[in-house]
Amino acid sequence: MSHHAEPEALAGVTIRPMHETDAAQVLDIYQTGLDAGNASFETTAPTWHTFDTAKLRLHRHVAVDTSTGQVIGWVAASAVSDRCVYAGVVEHSVYVHPDHHGRGVGIALLNALIQSTETEGVWTIQSGIFPENTASLRLHEKAGFRVVGTRRHLGRHYDRWRDVVLIERRSTITGV
Ligand SMILES: CC(C)(COP(=O)(O)OP(=O)(O)OC[C@H]1O[C@@H](n2cnc3c(N)ncnc32)[C@H](O)[C@@H]1OP(=O)(O)O)[C@@H](O)C(=O)NCCC(=O)NCCS
C-alpha cells in the first residue's frame, strides 16, 4: 500500500462520519473510558451540546460494527486556538469500547482523522496522554505521532497531580 492510499479496511468495521443520532453511544463510550481512569483529567463526559459545540464537524468519525450498526469507537478533534497562526492545529480524543480493544479500531479511527485533517489543510494534530496509558502511547506512535515531552504535574485528577505526555503528528503533505 502506498503511503497516502486509503487506510486498509478492517473486517466487520465501518468508519463513517459521526451523526447526532450517535450521541448517546459516543458519550457512553466516552464515560466508560473516563471511568477506567487513564484517559483524561475529565471524570464526567460532557453533554452532547458541549461536545457538539467544541468538536470540529469535519473531524468527527465513528467506528461501527458493520452488521449491527452499533458504535464501537470514535475520534474527534477541536481547534486549539482561534489565533490565525494556529488555524491548522487541532487537538483530538480517541475512545474505543473496551469490548473491542486490540482489534485495530483505534488505528483505523486515527487514520480517518489523519485523512480528514490533511484534506482540510490541518498541519498538526496534538494530544496529551497520561504516561500510564501505554495502549494510547503505542497506538499513537504507530499512527506516526511523536513525543514532544512530558509535562510535570500538569493537573489534578481525583486527589493526585498527574504528568501528561504531549504528543504531535506533523503532516508531511500539508503546510510543509
Ligand atoms: C487507547 C485506545 C484508543 C486504543 O484503541 P484500540 O482499538 O484498542 O487500539 P488498536 O487495536 O487499534 O491498536 C493499535 C496499536 O496500539 C497499540 N496498543 C493497543 N492496545 C495496546 C495495549 N493494551 N498495550 C500495548 N499496546 C497497545 C499496539 O501497538 C497496537 O498495534 P498492534 O496491535 O499492531 O501491536 C483504547 O485502549 C481506549 O479506548 N482506551 C480508553 C480511552 C483512552 O485512553 N483514549 C486515549 C486518550 S489519550
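Look above for the structure.
Summary of the structure given here. In this numbering scheme, every chain counts its residues from 1 along its sequence in written order. Note on the predicted model: pLDDT of at least 70 is required for a residue's local features to be given, and 80 or more for side-chain atom pairs to be given and counted; whole-chain, interface and lining totals, by contrast, use all residues. Hydrogens and water molecules were not included; the side-chain quantities draw on all heavy atoms of the structure.

## A look at the site of the ligand
Note the following rule: The criterion for a residue being near a molecule or strand is simple. One of its heavy atoms has to lie within 4 Å of it. Whenever a nitrogen or oxygen atom comes within 3.5 Å of another N or O atom, the pair is scored as a polar contact, on the condition that within protein one atom can donate a hydrogen and the other can accept it, and that pairs from neighbouring residues in sequence are kept only if both atoms are in side chains. Surface exposure here means Shrake-Rupley accessible area, sampled with a 1.4 Å probe, where a residue is shielded only by the protein chains that are shown. Here a strand is any run of E in DSSP of at least two residues, a helix any run of H or I of at least four, and the numbering for each starts at the N terminus.
Contacts to the ligand come from 19 residues, most closely from V94, G102, G104, G106 and K142. At a separation of 2.7 Å, an oxygen atom of the ligand approaches a polar backbone atom of G102. Separating an oxygen atom of the ligand from a backbone N or O atom of R103 is a distance of 3.2 Å. Here the ligand loses 74% of its free accessible area of 930 Å² to cover by the protein chains. When contributions to the shell around the ligand are tallied by element, the ones reaching two or more residues are β4 (89-96), α3 (105-119), β5 (124-129) and α4 (134-142). Tallying contributions element by element places α4 first for the shell around the ligand, with five residues.

## A short note on the pattern of salt bridges
Between side chains of opposite charge, pairing is possible as soon as their charged atoms come close. Here is the rule: By salt bridge we mean one thing: a side-chain nitrogen of Lys or Arg within 4 Å of a carboxyl oxygen of Asp or Glu. Think of it in three bands: with a 1.4 Å probe and only protein chains considered, a residue is buried below 20% of the maximum accessible area for its type, exposed above 50%, and partly exposed in between.
One pass over the structure, following the stated rule, counts seven salt bridges. For D52, the salt bridge identified is with R60, shortest N-O distance 2.8 Å. This pair shows no difference in class: D52 is buried, exactly as R60 is. Three or more residues are tied together by salt bridges with common partners; here these are D52, R57 and R60.

## Considerations on the environment of K55
Rules: Residue contacts are counted whenever heavy atoms from the two residues lie within 4.5 Å of one another.
As for its placement among the helices and strands, K55 is situated in the loop between α2 (48-54) and β2 (60-65). The buried category is assigned to K55, whose relative accessible area is 11%. If we ignore the near neighbours within four places in the chain, the residues touching K55 are R60, A76, A77, S78 and S93.

## Digging into unusual backbone geometry
The phi dihedral of H153 is positive, around 40°, even though this residue is not glycine. Phi is positive for Y158, close to 50°, though the residue is something other than glycine. Looking at where Y158 falls in the secondary structure, it is placed in the loop between β6 (146-157) and β7 (160-170).

## Things to note about α3
Applied cut-off: Expected span of a helix, by definition, is 1.5 Å for each gap between consecutive residues, and there is one gap fewer than residues.
Between its first and last C-alpha, α3 extends 21 Å over 15 residues, near the 21 Å set by a 1.5 Å rise per residue. When you tally the buried positions in α3, you get eleven out of 15 residues, the bulk of the element. What α3 keeps buried is the set V105, G106, A108, L109, L110, A112, L113, I114, S116, T117 and E118. One or two steps after α3, the chain reaches G121, where phi turns positive at roughly 85°.

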